[in-house]
Amino acid sequence: MEWASEKPPALFYQAIEEFNARQFFQCHETLEDLWNEERRELRRFYQGILQIGVGYYKIIGRPNYRGALSLLQSGAELLVGFEPALFEIDVSELIGVARQAREQLLELGPDRFLTFDRRQIPLIGRPQPN
């Protein structure tokens, strides 16, 4: 991956902080800007994190059971090509946690998914700008 040795753009740091602060709508907006500007395959990395964040938003911010299931799955799938890590983010761990959250939602079902344990929402790494 040609971008493996690159520093992420400044907006990436902002997006990670927004994700970790559970500001998933703002994180979406920030990552969407990065995704739209990036023309290389790296855009799938931004899109994957964006979709996982929106998946959690569909649990805790604007409840939508099917949307949460779909976004957690598609976000994890987008990240697979960036394992094990990129930009100080443990991509493999993020994929695993998103898939586990999806499984928990399936177990809870549409009538109980709002009881999802919010403590299961990960902090995804805190890269530091150099």
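Residues numbered from 1 in each chain as written. Predicted model: local features only at pLDDT ≥ 70, side-chain atom pairs only at ≥ 80, totals over all residues. Heavy atoms only, no water.

Here we take up the overall build of the protein chain. The secondary structure content of the protein chain amounts to five helices and two strands. Each helix and strand of the protein chain, ordered N terminal to C terminal, gives the series α-α-α-α-β-β-α. Relative to the globule expectation of 14 Å for 130 residues, the C-alpha radius of gyration of the protein chain, 14 Å, shows essentially globular dimensions. Based on the C-alpha atoms only, the size of the protein chain along its principal axes is roughly 45 × 25 × 25 Å. When each of the 130 residues of the protein chain is scored for burial, the buried share is 45%. Relative to all contacts within the protein chain whose residues are 6 or more apart in sequence, the contacts with residues 24 or more apart total 65%. In the structure as shown, the protein chain presents an accessible area of about 7000 Å², 46% of it carried by carbon and sulfur atoms. Within the protein chain, the 19 negative side-chain charges are centred at a point lying 5 Å from the centre of the 15 positive side-chain charges. (Helix = DSSP H or I, 4+ residues; strand = E, 2+ residues; numbered from the N terminus. Rg over C-alpha atoms; globule rule 2.2 N^0.38 Å. Buried < 20%, exposed > 50% of the residue type's maximum accessible area, 1.4 Å probe, protein only. Contact = heavy atoms within 4.5 Å. Areas by Shrake-Rupley, 256 points an atom, 1.4 Å probe, with all protein chains shown as cover. Lys, Arg positive; Asp, Glu negative; His and termini not counted. Charge placed at Lys NZ, Arg CZ, Asp CG, Glu CD.)

Another point: helix α1 (residues 10-20). Among the residues of α1, Phe12, Tyr13, Ala15, Ile16, Glu18, Phe19 and Asn20 are the ones counted as buried. In this fold, the buried residues of α1 make contact with α2 (24-37), α3 (43-60) and β2 (89-90). Immediately downstream of α1, the backbone of Arg22 shows phi near 65°, a positive value.

Tallying each qualifying case throughout the model produces eleven aromatic pairs. With centroids separated by 6.0 Å and ring planes inclined at 55°, the aromatic side chains of Phe45 and Tyr46 adopt a geometry described as tilted. Grouping residues by exposure puts Phe45 and Tyr46 together as buried. Aromatic side chains Phe45 and Phe82 sit 5.5 Å apart centroid to centroid with 55° between the ring planes, which places their arrangement in the tilted category. (Phe/Tyr/Trp six-rings, centres within 6.5 Å; stacked < 30°, edge-to-face > 60°.)

One pass over the full model with this rule turns up four salt bridges. Of the charged contacts, one joins Arg40 and Glu38 as a salt bridge, the two residues approaching to 2.7 Å between their closest N and O atoms. A residue is classified by how much of its surface remains accessible, and Arg40, at 27% relative accessible area, is partly exposed. Glu38 sits in the buried class, given a relative accessible area of 12%. For the salt bridge of Asp117 with Arg119, the shortest nitrogen-to-oxygen distance reads 3.0 Å. Accessibility expressed as a relative area gives 27% for Asp117, which makes it partly exposed. (Salt bridge = Lys/Arg side-chain N within 4 Å of Asp/Glu carboxyl O.)

Ranked by internal contacts, the top residues of the largest apolar core, which has 41 residues, are Phe12, Leu31, Phe45, Ile49, Tyr56 and Leu105. Looking at this core, the elements with two or more residues in it are α1, α2, α3, α4 (65-79) and α5 (91-108). (Core = buried A, V, L, I, M, F, W, Y, C linked by side-chain atoms within 4.5 Å.)

We now examine the packing of α4 against α5. Where α4 meets α5, the axes come as close as 9 Å, and the angle between the chain directions of the two elements is 155°. The angle between α4 and α5 falls in the class roughly antiparallel. The two elements α4 and α5 meet at a crossing, and its hand is left-handed. Between α4 and α5, the contacting residues are Tyr65, Ala68, Leu69, Leu72, Gln73, Ala76 and Leu79 on the first element and Val91, Leu94, Ile95, Ala98, Arg99, Ala101, Arg102, Leu105 and Leu106 on the second. For the contact of α4 with α5, a count of residues per class yields 13 nonpolar, one polar and two charged. (Axes fitted to C-alpha atoms, helices over the stretch in contact; angles between N-to-C directions. Parallel < 35°, antiparallel > 145°, perpendicular 65-115°, else oblique. Left-handed = near helix turned anticlockwise from the far one by under 90°. Nonpolar A, V, L, I, M, F, W, Y, C, P; charged D, E, K, R; others polar.)

The next point concerns the packing of α1 against α2. Between α1 and α2, whose axes approach to 8 Å, the crossing angle comes to 160°. Looking at the two axes, α1 sits roughly antiparallel to α2. Handedness of the crossing formed by α1 with α2: left-handed. Side by side, α1 and α2 meet where Leu11, Phe12, Gln14, Ala15, Glu18 and Phe19 of the first sit next to Phe24, Gln26, Cys27, Thr30, Leu31, Asp33 and Leu34 of the second. Taken together, the residues that form the contact of α1 with α2 break down as eight nonpolar, three polar and two charged.

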